[in-house]
Amino acid sequence: MARSQTSSASVPLGDDMDDSRFRIRPYQQILSSCSGALVTSLFMTPLDVVKTRLQAQQKVLISNKCYLYCNGLMDHICPCGPNGPMGPSAISKRQPLHFNGTIDAFTKISRYEGVPSLWSGLGPTLILALPTTVIYFVAYEQFRIRLKELYQRKKGRDAELPIWLPLLAGSSARVLAVTIVNPLELIRTKMQSEKLSYREVGQAFRSMLRVQGVFGLWKGFFPTILRDVPFSGIYWTTYESIKKHFNVSQPSFAFSFASGAVSGGVAAFITVPFDVVKTHQQIAFGEQFLYAQNGDKAPKKPFKAIGTFETMGRIFQMNGIRGLFAGLTPRLVKVAPACAIMIASFEYGKNFFYRYNVQRYQEKNDKAAAANDAGVSTAVSSSTSGTLISASTHRSRQMNKY
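Values in this document were obtained by computation on a predicted structure and should not be read as measured data.

Let us look at helix α10 (residues 308-324). For α10, which comprises 17 residues, the first-to-last C-alpha distance of 12 Å sits more than 12% below the rise-based estimate of 24 Å (1.5 Å per residue). For α10, the principal kink sits at M318 and spans about 110°. Buried residues of α10: T308, T311, M312, I315, G323 and L324, and no others.

Counting through the fold element by element, T132 comes out in helix α4 (residues 122-155). The class of T132 is buried, set by a relative accessible area of 7%. Non-local contacts of T132, meaning those with residues more than four positions away in its chain, are made with M74, R174, A177 and V181.

What follows concerns the pattern of salt bridges. For the structure on display, the rule yields 12 salt bridges. E141 is the salt-bridge partner of R144, the closest N and O atoms lying 3.0 Å from each other. On the criterion of helical spacing, the pair formed by R144 and E141 is a turn pair, its members being three residues apart in helix α4. Judged by relative accessible area, R144 falls into the buried class, the value being 10%. The network of salt bridges with common partners includes D18, E141, R144, K148, E240, K243, E347 and K350.

Following the UniProt record, one finds the feature "transmembrane region" (unreviewed entry) at residues 118-140. In the segment residues 118-140, helix accounts for 83% and strand for 0%; the C-alpha atoms at its two ends are 32 Å apart.

Any two packed helices are characterised by how steeply their axes cross, that is the angle between the axes, and by the distance between the axes. Between helix α7 (residues 221-245) and helix α8 (residues 253-270), the shortest axis-to-axis distance is 8 Å and the interhelical angle comes to 145°. Taken as a pair, α7 and α8 cross one another with a handedness that is right-handed. Taken together, the residues of α8 that come into contact with α7 (itself represented by F231, I234, Y235, T238, Y239, I242 and K243) are F255, S256, S259, G260, V262, S263, G264, V266, A267, A268 and I270. When its residues are assigned to classes, the contact of α7 with α8 shows 11 nonpolar, six polar and one charged.

Moving on, we come to the nonpolar core. Core analysis: the biggest nonpolar cluster contains 26 residues, and L73, Y136, F137, F231, Y235, W236 and I343 have the highest contact counts within it. Counting only elements with at least two residues in this core, the list comes to α4, α5 (164-194), α7, α8 and α11 (328-401). The biggest single contributor to this core is α4, with eight residues. Among the nonpolar cores identified, the runner-up in size contains seven residues, and L97, F99, A105 and L118 belong to it.

On the surface, V262, V266, F269, I270, F316, I321 and F325 cluster together into a nonpolar patch covering about 620 Å² of accessible area. Of the residues forming the nonpolar patch, the biggest block, four residues, is contributed by α8. Within the secondary structure, F316 is located in helix α10.

The subject of this paragraph is unusual backbone geometry. Leaving glycine out, the prevailing phi sign among residues is negative, and the prevailing peptide bond configuration is trans. Unusually for a residue other than glycine, N247 sits at a positive phi of about 55°. Tracing the backbone shows N247 in the loop between α7 and α8. With a relative accessible area of 71%, N247 lands in the exposed category.

Cut-offs used in this document
- Residues numbered from 1 in each chain as written.
- Predicted model: local features only at pLDDT ≥ 70, side-chain atom pairs only at ≥ 80, totals over all residues.
- Heavy atoms only, no water.
- Helix = DSSP H or I, 4+ residues; strand = E, 2+ residues; numbered from the N terminus.
- Expected span 1.5 Å × (residues − 1).
- Bend = angle between axes of the 7 residues up to and from the residue.
- Buried < 20%, exposed > 50% of the residue type's maximum accessible area, 1.4 Å probe, protein only.
- Contact = heavy atoms within 4.5 Å.
- Salt bridge = Lys/Arg side-chain N within 4 Å of Asp/Glu carboxyl O.
- UniProt positions renumbered as here; feature names shortened; annotations may be inferred.
- Axes fitted to C-alpha atoms, helices over the stretch in contact; angles between N-to-C directions.
- Left-handed = near helix turned anticlockwise from the far one by under 90°.
- Nonpolar A, V, L, I, M, F, W, Y, C, P; charged D, E, K, R; others polar.
- Core = buried A, V, L, I, M, F, W, Y, C linked by side-chain atoms within 4.5 Å.
- Patch = residues over 30% accessible without salt bridge, like charges linked within 9 Å, V, L, I, M, F, W, Y side chains within 5 Å.
- Areas by Shrake-Rupley, 256 points an atom, 1.4 Å probe, with all protein chains shown as cover.

The following block contains the structure:
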C-alpha cells in the first residue's frame, strides 16, 4: 500500500488551480458564477432602489421618461411612472413617502411598503443579468487559460505571465457577453415599455429587422462597449496583479473580497468619464426609441444616435472636467462592493470545486494503485504456488525411480 500513499501525496493541492488534471470544468464555472450573481444582486439591489427613489424625490433624474436601474451586475433602462419597476404598485398607496436620507429611506420603505419592496424589479432584470454574468465569467476563465497555455508553450512553463494576458482575456470576455446579450436586452426593454405579449414581441422583432436591419438589434452596443471593455480589462489586470504580488494562487474569501473591492474601485475611477457618456447616451436612446411616449402624447421621433466624443464634448462644454467625473462617489460606493461580493463568491465556488476535483483525482489514483497492488500480489502468489507444485512433482518422480 506504500504506492497508493505516494500517489496521494504527489498531488500538489493548492499549487496550481489551472492544472489540467483537476482544474474546474465549465459547468462548475457556471455554477460558481451563478451563485456569485445571485448573492451580488441580493445585496446590491436595495442600494440602487433607495438611490433611485431619492433621486426621483429630489427630481435629479437625468430624464423624466426613463432611468438606469442596476442590480449589481448590469444596468437596465427602465421607464419612469407606472410602467417602471418602482411605479405605483411598489409605492405606498396611502401617502407618498418623503425620505430624509439613505438610512431613513431604507427604514420607511421597509416599514410602509414591506421589506420585499427593497428588491423591486429584481426578478425581471435577473433574467438577463444571470446569463450575462455566466457568459462573462466563464469566457474570462476560458480565455485566460487558453492564453496562458499558448504563452507557456512558446516561452516555457516557468515563464512569468505578462500583464496583457488578463487585460486581453477580460476585454474579450466582456465583448462576447455584450454581443450576445445586447439584442435580448433591447427586446426585453421594448417588451416592458409597450407591454407586448410574446406573440407581439415576435412581430415587433420582425418589424425591427425590416426597418433597421440586423444591426438594429445592437443599438446602444458601442456606448456599452466603450465603458465595459476598459473597465473589465483594468479590473482583471488589477485583480490578477494583486494575486501575483502576494503570491496567492488559491485566494481565500476575505482576500478575494478585499482584492475585488480595490480592483473594482480602480477600474471604476479610471472609467468614470466613459460611464457618464454611456449614461447620457443610454438615457437619450431610451427617451427617443424605447420610451418616447412615456409621460406625453408626442409622436415618436426617429432615433438619431449622438457620437461618443460629441457627447463627451457637450458634457465638457456645459460642466467642464467636473461634468465628466460626475457621480464618482456614488459609482465607487456601488461598484466596489458589487465587484468584491461577486469575485469573492466566484472564487469561493472555484475553490470548492477545485478541492472536490483534487479529492476525486486522489480517490481515482488510490483505486488504481490498490488494483495494481492486488494484481501484483496475485501474480506473486500464483508464481509461488506454481513453484511449490513443481518441486513436489519433481520429488515424487524421484521416489518412483526407486
